[in-house]
Amino acid sequence: MFTPTRAVGLETLGLFVPHAGLDYTRDRNHDTGPSRENVSGLSPYLRHRLLTEREVVSAVLERHRFGACEKFVQEVFWRTYWKGWLEQNPEVWRRYRRDVAELGLASDTRSGGYREAIAGHTGIDAMDAWVRELVDTGYLHNHTRMWFASIWIFTLGLPWQLGADFFYRHLLDGDAASNTLSWRWVAGLQTAGKTYLATASNISRYTEGRFSPSGLATSARAIIEEPLPTRAPIAPAESTPLGARVGLLLHEEDLDAASLRAEFSWLDSNSRLVAIAGSTDPDERSPSGASDAVRRFTASALDDAAKRALDALGRPARVLPDALPSTVLKWAESERLDTVVMPNAPVGPVQQRMLTLGAALASEGITVTIVRRRWDTLAWPYAARGFFPFRERIPELLRQQGL
């Protein structure tokens with residue numbers, strides 16, 4: 001369903017733009033099956049930044065008035081909001097990772113209901129069909145993700161953390177912030193005490209009668225957690241001190257070197273971008289690794305990004321065989337780099353990898369510079385509370401982006 005190249009992402013965007021206004025607003029919540037035209041299908045491209053949020057929103061606003069396409073623009077900003085919120089509450093991510101590791105070791109979660117659920121053998125026809133679709137395609141409609149999470153938690157009585165882990169392992173657009181916080185929202189943790197309860201009537205209405213499951217939970221008691229620590233402020237964007245020989249290292253959170261280079265004034269008369277490389281490790285998503293579909297998509301997306309990223313000598317980026325610090329260090333030394341520039345990664349496994357890598361490079365005297373896109377720098381500080389106060393900022397954020 002999704003070809004992991006920027007060219008196909010742009011083609012998908014072009015096909016969707018005419019429908020991003022009133023059509024999307026009217027039909028977006030309907031899930032008529034895997035072959036769907038009422039949603040954009042852009043999330044796997046945005047998640048890896050084969051396309052950027054700015055260019056997607058810009059294309060839509062060139063065709064539609066803001067009032068007509070506001071719902072779609074808000075959906076793009078939801079992903080930004082989740083990232084900004086998790087940046088300020090990283091303990092949520094740490095707790096989730098600990099819980100997944102601990103639950104995965106517990107024998108009772110590796111048998112019975114959990115194993116039946118991930119095998120698509122719950123006996124709930126909708127749930128089992130959605131498991132097959134997720135595993136086969138790496139995608140589920142957003143409304144369906146909410147139903148799935150609700151049934152998982154409140155009907156099947158399974159830990160939300162294992163459901164989030166199952167999604168994260170299989171979704172091509174799997175994103176640490178959007179995935180974790182959306183599951184928490186359904187469970188009643190993200191907005192404390194407010195849960196989401198899936199009903200047969202709602203499922204039947206928005207699947208146009210394809211599913212109307214019986215036996216679903218009729219109540220949804222919110223899960224309770226220990227209070228979170230005080231919110232952390234968004235760190236300021238780093239400056240870009242450079243040496244004479246600069247290398248750019250791409251990763252799966254940001255794979256468009258051209259727009260990244262255009263956004264930042266990295267190079268001066270004393271600096272040259274002499275090498276570009278890329279590395280990924282999708283198996284960092286979970287103790288159970290990632291699905292084959294996610295591995296293939298991520299690897300192919302990196303290959304596409306590498307072909308499009310040219311250094312000062314016109315060479316395409318080098319695809320590193322793995323993301324180990326020793327491999328990256330070997331590349332940096334072979335190119336005699338003074339500085340390695342990396343696009344910022346939000347809270348999640350890639351950020352942790354970057355911290356480890358940065359320490360390894362610095363220990364060898366190589367400067368590490370992290371560059372954060374203006375889109376994130378402008379928006380993330382406003383993600384301190386709920387989405388609705390953030391939503392009120394969207395028109396101003398668009399103006400600041402020149403949109």
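Refer to the structure above for everything that follows.
Reference entry: report on the structure contained in this document. Note that this is a predicted model, so its numbers are computed, not measured.

Now for the overall build of the chain. A tally of helices and strands in the chain yields 19 helices and five strands. Over its C-alpha atoms the chain spans a radius of gyration of 21 Å, differing by no more than 12% from the 22 Å that the globule rule assigns to 403 residues. C-alpha atoms of the chain, sized along the principal axes, occupy 70 × 50 × 40 Å. For the chain, the residues scored as buried account for 54% of the 403 residues in total. At a minimum sequence separation of 6, the contacts of the chain that also span at least 24 residues come to 78%. Averaged over its 47 positive side-chain charges, the chain has a centre that lies 3 Å from the centre of its 48 negative ones.

All right, on to unusual backbone geometry then. Backbone geometry places Arg49, a non-glycine residue, at a positive phi of 50°. With respect to the helices, strands and loops of the structure, Arg49 is situated in the loop between helix H3 (43-47) and helix H4 (53-63). Even without being glycine, Arg336 reaches a positive phi, approximately 55°. When you line up the elements, Arg336 lands in the loop between helix H15 (325-334) and strand S4 (339-343).

Our next topic: the packing of aromatic side chains. If you walk through the whole model with that rule in mind, you get 29 aromatic pairs. Between Trp152 and Phe166, the aromatic rings sit 6.3 Å apart at their centres with planes inclined by 15°, giving stacked as the arrangement. One end of the pair, Trp152, is in helix H9 (residues 142-155); the other, Phe166, is in helix H10 (residues 160-170), and 14 residues separate them in sequence. Taken individually, Trp152 and Phe166 each receive the classification buried, so the pair is uniform in this respect.

Given 3.6 residues per turn, any residue in an α-helix points the same way as the ones three and four places further on. What helix H1 (residues 6-16) keeps buried is the set Arg6, Gly9, Thr12, Leu13 and Phe16. Buried residues along H1 cover an arc of 120° about the axis, so they all sit on one side. With respect to the buried face of H1, the exposed residues turned more than 90 degrees away are Ala7, Glu11 and Leu15. On its buried face, H1 sits against helix H2 (22-27), H3, H4, helix H5 (66-88) and helix H14 (292-308).

Trp130, Phe148, Trp152 and Trp183 are the most contacted members of the largest nonpolar core, which has 100 residues in total. The element contributing the most residues to this core is H5, with nine residues. Judged by nonpolar contacts, the second largest core, of 19 residues, contains Val274, Val328, Trp331 and Ala345.

Summed over all chains, the structure comprises 31 salt bridges. The partner of Arg47 in a salt bridge is Glu253, with the nearest N and O atoms 3.3 Å apart. Of the two residues, Arg47 sits in helix H3 while Glu253 sits in the loop between strand S1 (245-250) and helix H13 (257-263), which places them 206 residues apart along the sequence. With respect to burial, Arg47 and Glu253 carry one shared label: buried. Notably, a salt bridge pairs Glu91 with Arg98, separated by 3.0 Å at the nearest N-O pair. Owing to a relative accessible area of 42%, Arg98 belongs among the partly exposed residues under this scheme.

The rules behind the values
Residues numbered from 1 in each chain as written. Predicted model: local features only at pLDDT ≥ 70, side-chain atom pairs only at ≥ 80, totals over all residues. Heavy atoms only, no water. Helix = DSSP H or I, 4+ residues; strand = E, 2+ residues; numbered from the N terminus. Rg over C-alpha atoms; globule rule 2.2 N^0.38 Å. Buried < 20%, exposed > 50% of the residue type's maximum accessible area, 1.4 Å probe, protein only. Contact = heavy atoms within 4.5 Å. Lys, Arg positive; Asp, Glu negative; His and termini not counted. Charge placed at Lys NZ, Arg CZ, Asp CG, Glu CD. Phe/Tyr/Trp six-rings, centres within 6.5 Å; stacked < 30°, edge-to-face > 60°. Arc of directions from axis to C-beta. Core = buried A, V, L, I, M, F, W, Y, C linked by side-chain atoms within 4.5 Å. Salt bridge = Lys/Arg side-chain N within 4 Å of Asp/Glu carboxyl O.

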